[in-house]
Amino acid sequence: MRLEATEEDTSPMPATEPTKIRNIAVAGHRGVGKTSLVEALLFESGKTNRLGSLEQGTTVSDWDEHEHRRAMSLSGSLCHLEWKDRKINLVDTPGDAGFQADTFAGLRVVEGVLVVLSAVMGVEVNTSRIWKRADQQELSRVLFVNMLDRERADFFRVLEAARQQLSDRCVAIQLPIGSEHELTGIVDLLHMCAYMDPSGGREGGPQPIPDSMGDLVQEYREKLLDAVVETDEALMERYLEGEELDAGAVADALKQAVTRDELYPVACGVATKNLGTTALLDLLVEGVPSPAKKGTTIEFGDAKQAVFIFKTIADPFTGRISCFRVLAGLVSGDTTLVDPRTHAKERLGQVLALQGKDSETVDALGIGDLGAVAKLKDVVTGDVLVDHEVAVEPPHIDFPEPVMSFAVTPKAKGDEEKMATGLRRLSEEDPTLVLRRDPQTGEQLLSGLSQMQVEVAVDRLNTRFHVDVELHPPRVPYKETIRKEARARHRYKKQTGGRGQFGDCAIVLEPLPAEDGELGYEFVDKIVGGVISQSYRPAVDKGVREAMEHGELAGAPVQGVRVLLVDGMEHNVDSSEMAFKIAGSMAFKEAYQNADPVLLEPIMQLEVTVPDDTVGAVNGDLNSRRGRLQGMEPAGGMTTIQAEVPMAEILTYSQALTSVTGGRGDYSMHFLRYEEVPTHVAQKIIEQTKKERETANA
Ligand SMILES: Nc1nc2c(ncn2[C@@H]2O[C@H](COP(=O)(O)OP(=O)(O)OP(=O)(O)O)[C@@H](O)[C@H]2O)c(=O)[nH]1
Ligand SMILES: [Mg+2]
């Protein structure tokens, strides 16, 4: 039976009971057909009247102009459909590593994940990453091997890869009939029927399984039953006694096992032809637990009504749309909730059901349901709104740290403020996009998870905020320090008629060891007998600090120095703070040259995950980047390499990794410590700085 909202019906639509809801995130590696599959599911359920395509930019869930331009998903998208008296909420998530914020946020509001795999590529980097996340959150999972019609598609190879690399509890619940261009349909092993290729139309009803599939179907049906009954003792007994188990009993046990994370059914089909969607929808209804069964781990205290905001969409027409999951109670347009973070009250106004970019007003949404509301004032992604002020700890979504930065500058002078405002808004929508000013280099740095993510932000800045900006590799925040002790004395003296200037100080520089990995600065007053009066000594310190802001080697800040003020002289008329500041600064510069100054560079800890067959090439490339290998860990066809690499060498690593691994690699990194730059490299940097100074002064 299909539920279809009738427009003539004006009585308030009751909220869907939690037992009748299925919340499912559609996730997987980039380009495996998630959006196409959501499109097919909507079409098969009757929610849409035609099967849209990526190529024509007509899918429901990729609706943004930037998504159309790049033919990929850039953000999460919420859709819903009805199937067999159940409401299925689908969160279509982006597969690209740069847009993981939405994927991870999406995983936070569902009970189940539909993990989509390509029948050609099998388990890929992002598949494993999502799997791990789902493990951590104990989410139920159904796999869908898509693209069975493609050349070199092999369902059984991918099934094996999933069993090896994801979990040995993956079990086929469907089988392809034929393969590649000879694919004609799929077999549903649970209901023991077949669905034939509808070539983009609606799937006809269940068909008898073709005779040619006999033995294979027998073999895999047994494997499925074995796996299911193993999780259910009562059923196991009946099975061993030779009883023919009906689909209902098996489905029941299967659902329990999927709910408890003990089994991962593997379905298959062709999203772009709408093949396999009936069996998949049946499986989602029969196999995935409802919110009533699994519930949420998000806290809402003793609130009677509560929602969790998992996504904010900046819609050019409607303004801000906040997507939420109902944690408690019934929410409707009249509902007023408070945000404990800001203490602000918000009236919801209108509760919306989203279908990609389209929305319709609904009367109410109940526990477990997903929906949206427009124009909340101060609410941001991650907030929990409640009916009365309770202290709730908002759920922590462990977003990945940015791995790369670009320096951004507006093309037109005077656009700085507009650029900053726009970028701040964009990073509110995507917490993995970070804008900050490097205090050392003064550059505005835009950091993210991938080059694509940063480039999309630049595109959006243009279309939404009308600012054109340029991206450059950022300057490396070098530092300078000293390796040995040195001493200098400087007398600053000026007699130009009237009152003169006089300051004289002797200082000693000593290397100051790092504390907790941080290089610091210390000023020690060793003056005896008051040769410089108390009031002038801080001026020496000030002068030294100023000189340290731009070291003589490469103009980088000097750190890791202890300065002892040991001697000096003052003039009872001509001395001034200014004179001692200058003397301090000059004394530092003189001593610095003799203190064996060296250049320091940031070293990053790099973690790269690549297919086994590219490990040699990846290591070779890291070697040429002055990388030091720390360890390698192979696991199921992929190897994770740990290495320490100077930041200067991996500013543009993403392109290199893509070309060495054919886009199958993935990396993350974080700052580790500063280290001395090897002499031959330092020499080049010092010369470069010299040249830049000369040009600037010319
Ligand atoms: N032959 C074939 N092509 C498919 C199938 N499913 C999707 N495609 C095509 O594969 C491409 C990627 O499909 P999408 O639906 O955008 O994949 P996605 O997983 O949503 O991609 P991202 O969201 O960008 O990660 C598109 O060109 C689709 O038309 C399929 O089953 N068979
Ligand atoms: Mg997509």
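For the structure, check the block above.
Residues numbered from 1 in each chain as written. Chains lettered and ligands numbered in written order. Predicted model: local features only at pLDDT ≥ 70, side-chain atom pairs only at ≥ 80, totals over all residues. Heavy atoms only, no water.

(A) Examining the overall build of the protein chain more closely. From N to C terminus, the protein chain includes 17 helices and 33 strands. By its C-alpha atoms, the protein chain is 110 × 60 × 50 Å across when sized along the principal axes. A total of 698 residues make up the protein chain; the buried ones form 54% of that total. Summarising the internal contacts of the protein chain: among those between residues at least 6 apart in sequence, 74% fall at separations of at least 24. In the structure as shown, the protein chain presents an accessible area of about 30,900 Å², 48% of it carried by carbon and sulfur atoms. (Helix = DSSP H or I, 4+ residues; strand = E, 2+ residues; numbered from the N terminus. Buried < 20%, exposed > 50% of the residue type's maximum accessible area, 1.4 Å probe, protein only. Contact = heavy atoms within 4.5 Å. Areas by Shrake-Rupley, 256 points an atom, 1.4 Å probe, with all protein chains shown as cover.)

(B) Representation of the site of ligand 1. Every one of the 20 residues lining ligand 1 counts as a neighbour, but R30, K34, S36, E55 and S73 are closest to it. A distance of 2.7 Å is found between an oxygen atom of ligand 1 and a side-chain nitrogen or oxygen belonging to K34. For ligand 1, whose unbound accessible area comes to 650 Å², protein coverage reaches 90%. The greatest single-element share of the shell around ligand 1, amounting to three residues, is contributed by helix 1 (residues 34-44). (Near = heavy atom within 4 Å. Polar contact = N/O pair within 3.5 Å; in protein donor to acceptor, adjacent residues only side chain to side chain.)

(C) Fine view of the side chain of R537. Its place among the elements puts R537 in helix 13 (residues 537-549). You can call R537 buried: its relative accessible area is 10%. Apart from residues no more than four positions distant in its own chain, R537 is found in contact with F523, D525, I527, G530, I532 and L565.

(D) Region of interest: the sheet that holds strand 2 (residues 77-83). With mixed pairing, seven strands are arranged side by side in an open sheet as 2-3-1-4-5-10-6. The open sheet terminates on both sides in strands that have one partner only, identified here as strand 2 and strand 6 (170-172). Averaged over all neighbouring strand pairs, the angle between strand axes comes to 30°, with direction disregarded. The strands touched by helix 1 are strand 1 (21-28), strand 2, strand 3 (86-92), strand 4 (112-118) and strand 5 (140-146); relative to strand 2, the strand with the most contacts, the crossing angle is about 35°. (Pairing = 2+ DSSP bridges. Axes fitted to C-alpha atoms, helices over the stretch in contact; angles between N-to-C directions.)

(E) Structural context of the nonpolar core. Judged by nonpolar contacts, the single largest core of 114 residues is most densely connected at L114, L143 and L280. Among all residues touching L143, those that are not within four sequence positions of it are V115, L117, W131, A162, L166, C170, Y264, P265, V266 and A267. If you look at the next biggest cluster of nonpolar residues, it comprises 32 residues, including M404, L446, V458 and L657. (Core = buried A, V, L, I, M, F, W, Y, C linked by side-chain atoms within 4.5 Å.)

(F) Representation of the coordination of the magnesium ion (ligand 2). Binding of the magnesium ion (ligand 2) to the protein goes through T35 (OG1) and S73 (OG), at separations of 2.0 Å. With T35 in helix 1 and S73 in the loop between helix 2 (65-70) and strand 2, this pair connects stretches of sequence that are 38 residues apart. What makes T35 buried here is its relative accessible area of 6%. Taking relative accessible area as the criterion, S73 reaches 9% and is therefore assigned buried. (Donors = N, O, S within 2.8 Å, 3.2 Å for Na, K, Ca; no water.)

(G) Up close: the state of the cysteines. Per the counting criterion, the structure on display carries zero disulfides. Here C79 is not cross-linked by a disulfide; its sulfur's nearest cysteine counterpart is in C323, at 11 Å. According to the relative accessible area criterion, C79 is buried, its value standing at 0%. (Disulfide = S-S within 2.5 Å.)

(H) Molecular detail of the sheet that holds strand 23 (residues 444-448). Ordered in space as 22-23-21-24, the four strands form an open sheet in which the pairing is antiparallel. The sheet is open, and its two edges are formed by strand 22 (434-437) and strand 24 (469-472), each paired on a single side. Direction aside, neighbouring strands of the sheet carry axes that sit 35° apart on average. Judged from the four bridges that link them, strand 21 (residues 404-410) and strand 24 form a sheet pairing that is antiparallel. Within strand 24, the residue paired with P410 across the bridge is V469. Those strands touched by helix 11 (residues 416-429) are strand 21, strand 22, strand 23 and strand 24, and its axis lies near 140° from that of strand 21.

(I) Region of the structure containing the environment of D596. Topologically, D596 is positioned in the loop between helix 14 (577-593) and strand 30 (597-611). On a C-alpha basis, the gap between D596 and E138 in space is 56 Å, while along the polypeptide they are 458 residues apart. What D596 contacts, discounting residues up to four positions off in sequence, is T481, I482, R483 and K484.

(J) Structural detail: the pairing of strand 10 (residues 264-268). The element strand 10 is extensively covered by neighbouring structure, given that five of its five residues are classed as buried. Direction of pairing for strand 5 relative to strand 10: parallel, over a ladder of three bridges. If you follow L143 over to strand 10, its bridge partner there is V266.

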